[in-house]
Each structure stands twice: as C-alpha cells, then as structure tokens.
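Here is what each chain is made of, one letter per residue.
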Amino acid sequence: SRTSTAGPQASSPYVSRSNLEETGSLDRAKVRAMRSVTPLRARWVARGVLFVVQLLVLLWFAPANGFPLDDAWIHQVVARTFATHGTLGYAVHQHGAAATSYLWALLLSVNFAWLHIDPVRWTLTLNVVASLAGAQLLFGLLGRTSPEDVEERHWLVARLLAVLLAFTSANVLWFAHSGMEASLVIALSLGAIALASRADLGISPALGAGALGALLAWTRPETAPLGLALGAWVLWRRRSWRLALAV
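Let me begin by describing the structure that accompanies this report. Note on numbering: residues in each chain are counted from 1, in written sequence order. pLDDT decides what is reported in this predicted model: residues at 70 or higher carry local features, side-chain atom pairs at 80 or more are listed and counted, and totals for whole chains, interfaces and linings draw on all residues regardless. Calculated side-chain values reflect all of the structure's heavy atoms, with hydrogen atoms and water omitted.

**Some words on the overall build of the protein**
Put simply, the rule reads: Helix and strand assignments follow DSSP, with helices taken as H or I runs no shorter than four residues and strands as E runs no shorter than two, numbered in order from the N terminus. To sort residues, take the accessible area from a 1.4 Å probe on protein chains only and compare it with the maximum for the residue type: under 20% means buried, over 50% means exposed, and anything in between is partly exposed. Throughout, a contact is declared for two residues whenever any of their heavy atoms are within 4.5 Å. All accessible areas in this document rest on Shrake-Rupley with a 1.4 Å probe, and a residue is counted as covered only by the protein chains that are shown.
Check the secondary structure of the protein and you find 12 helices and zero strands. Traced from its N-terminal end to its C-terminal end, the protein shows the element sequence α-α-α-α-α-α-α-α-α-α-α-α. Going through the 247 residues of the protein one by one, you find that 36% of them count as buried. Looking at the protein alone, contacts between residues at least 24 apart form 64% of all its contacts between residues at least 6 apart. Surface exposure of the protein reaches about 14800 Å², of which carbon and sulfur atoms provide 64%.

Here's what the structure looks like:
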C-alpha cells in the first residue's frame, strides 16, 4: 500500500477559484480581484483589434466627396472666415453669426490657415480621429467593472464586441461622415467621464475632466450641464469641494 509522507504538503503556487471561494479564507472582494486579472497583452490586443476594425469600417463607408448636410458647409464657411479675417462667424465682422460650434470651427480653420487640403478630407480626418478616440475611451470605461459571475476573458470579448457594434452602427458612422461635430462631442464627453470617474481621482485628472468639459461646451453649448453633473457627482462621491470645483 502507498504511504504518505509525514508533515504538511508543499503549497502549490496555483490556487483554484473554487477552493478560494469554498474555504472562505479570503473575502469576496479579494477572490474577485484575483480572478479578474487579465494579462496586459490581451487588453492591448483587444484594443488593437478594435482600432483596426473600426478604422477599416470608417474608411470603407467614407463618402467620395462632399457632405450630406448643408450645415457642414456652413461650418466650413465660418472656419474660412475666421482663418482669413479673424471673425468667428459666417460673415466678416459679424462675430457669432451662424457659428453654432466654436471649437469645431477653430479646428476646421487650421486647414484654411495652414494646410490647404481638401476640406472634406480634413474634416473626415478629424472625425475619424474623434470616433477612434471615443471607442477606445468607451472600451476602457467598460473595463473598470464586470458582472459578478463572468470570467474576465469573456468580459473582455463581450465589451470588445459591444464597442465595435456601437461605433460601427449606422448612426455613429453617419456622425463621422456628416462633416459635423457629433463625433467630437462623443469623444469629449467620454473623456470627461473617464477622468472624473477614476478610482484614484486626484487634482490633475479632475482638472483634465474640467478642461474637457469646457471644450465640450465650446463644441456644443447645450452639453455644458455635463460638466456640472460630473462636478456634483465628484462632490457626492468624494466629499471634496476642491476636486468638485476642479471638475
């Protein structure tokens, strides 16, 4: 018959999740933390897949020329007027006339002032960059939490597919190809939320969230309440007037 050696068995460096949960030696939070670690390489691969697939879809459906809305051309006229005469408006010396998005007009004016390329291509470039940034931000936000009984690798695939479906949907693709500022609004909004909701929120991320909120208001004035809402949320969660005012 087999005999067992005396003394305690050597401990294995690998502990199954079921053993941890059954013994109760670690609390639930620690067990969850140990099972939710995804290799950094897997996360970067997922981000790379998201970037490449989204970029291919954006370029595949990109319009050959022109914009689908006359509003986009109004933005171009405002940008050209600002670049050539310093008036942020549709007509010279009429500041604010027909200018519904100051930041978008300023970004478009870079082309008229210095680059001098096809305005449709420059606008598409801005929107593609904004759309790609928005997708990466949403992917990161979804990675901050996961359902209780879902393995992290499965959640990684789920959020990758969710973000891909969201940012390659017909409406969001149209945003990127419309010549309008909608993609920039999405990216700035997600950026402000990502910074303000950080677990290790400090003064620098709070100021960053506030800056993005200000840029968002310059992009679309009706989005200004988001900054106020984030500041109120930080005050409620952190009990810090300093961080709330920074946001």
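**Digging into the packing of aromatic side chains**
Put simply, the rule reads: Classification of ring pairs uses Phe, Tyr and Trp, with its six-membered ring standing for Trp, and accepts pairs whose centres are within 6.5 Å; under 30 degrees between planes counts as stacked, over 60 as edge-to-face, and the remaining range as tilted. We count a charge as sitting over a ring when the NZ of a lysine or the CZ of an arginine lies within 6 Å of the ring centre and within 35 degrees of the ring normal.
Taken as a whole and judged by the stated rule, the model has three aromatic pairs. An angle of 65 degrees between the planes, with centres 4.8 Å apart, marks the rings of F67 and W73 as edge-to-face. Aromatic pair Y102 and W218: ring centres 5.7 Å apart, planes at 65 degrees, arrangement edge-to-face. Note that Y102 is positioned in helix α5 (residues 102-115) and W218 in helix α10 (residues 203-219), a separation of 116 residues in sequence. Positioned over the ring face of F139 is R159, at 4.3 Å from the centre of the ring.

**Digging into the nonpolar core**
What counts is decided by this rule: What is meant by a nonpolar core is a set of buried Ala, Val, Leu, Ile, Met, Phe, Trp, Tyr and Cys residues, joined one to another through side-chain atoms within 4.5 Å.
Judged by nonpolar contacts, the single largest core of 13 residues is most densely connected at A46, L50, A135, F139, L160, V163 and F167. Residue assignment for this core shows that the elements contributing at least two residues are α3 (40-60), α6 (119-142), α7 (152-167) and α9 (182-196). No other element matches α7, which puts five residues into this core. Once residues lying within four places of it in the same chain are set aside, the contact partners of A135 are L50, Q54, V163 and F167. Formed by 11 residues, the second largest nonpolar core is a distinct cluster that contains A206, A209, V234 and A246.

**A word on the packing of α6 against α9**
The condition that has to hold: Working convention: axes come from line fits to C-alpha atoms, limited for helices to the stretch in contact. Angles between N-to-C directions cover 0 to 180 degrees. For classification, angles of less than 35 degrees are called roughly parallel, those exceeding 145 degrees roughly antiparallel, those between 65 and 115 degrees roughly perpendicular, and all remaining angles oblique. Should the near helix be turned counterclockwise from the far one by less than a right angle, the crossing is left-handed, whereas a clockwise turn marks it as right-handed. Amino acids outside the nonpolar list (Ala, Val, Leu, Ile, Met, Phe, Trp, Tyr, Cys, Pro) and the charged list (Asp, Glu, Lys, Arg) are all regarded as polar, and Gly is one of them.
Following both chains from N to C, one finds α6 and α9 inclined at 30 degrees, their axes separated by 8 Å at the closest point. Relative to α9, the element α6 is oriented roughly parallel. With respect to the hand of their crossing, α6 and α9 are arranged in left-handed fashion. Contacts between α6 and α9 involve N127, A130, S131, G134, L137, L138 and L141 on the former and, on the latter, S183, L184, A187, L190, G191, I193 and A194. Tallied by class, residues from the contact of α6 with α9 come to nine nonpolar, five polar and no charged.

**Focus: the environment of A83**
By secondary structure assignment, the location of A83 is in helix α4 (residues 70-85). Using a relative accessible area of 29% as the deciding quantity, one classes A83 as partly exposed. Separated by 23 residues in the primary sequence, A83 and L106 have C-alpha atoms spaced 8.5 Å apart. Discounting residues that sit within four places of it in the chain, A83 has contacts with S109, F112 and A113.

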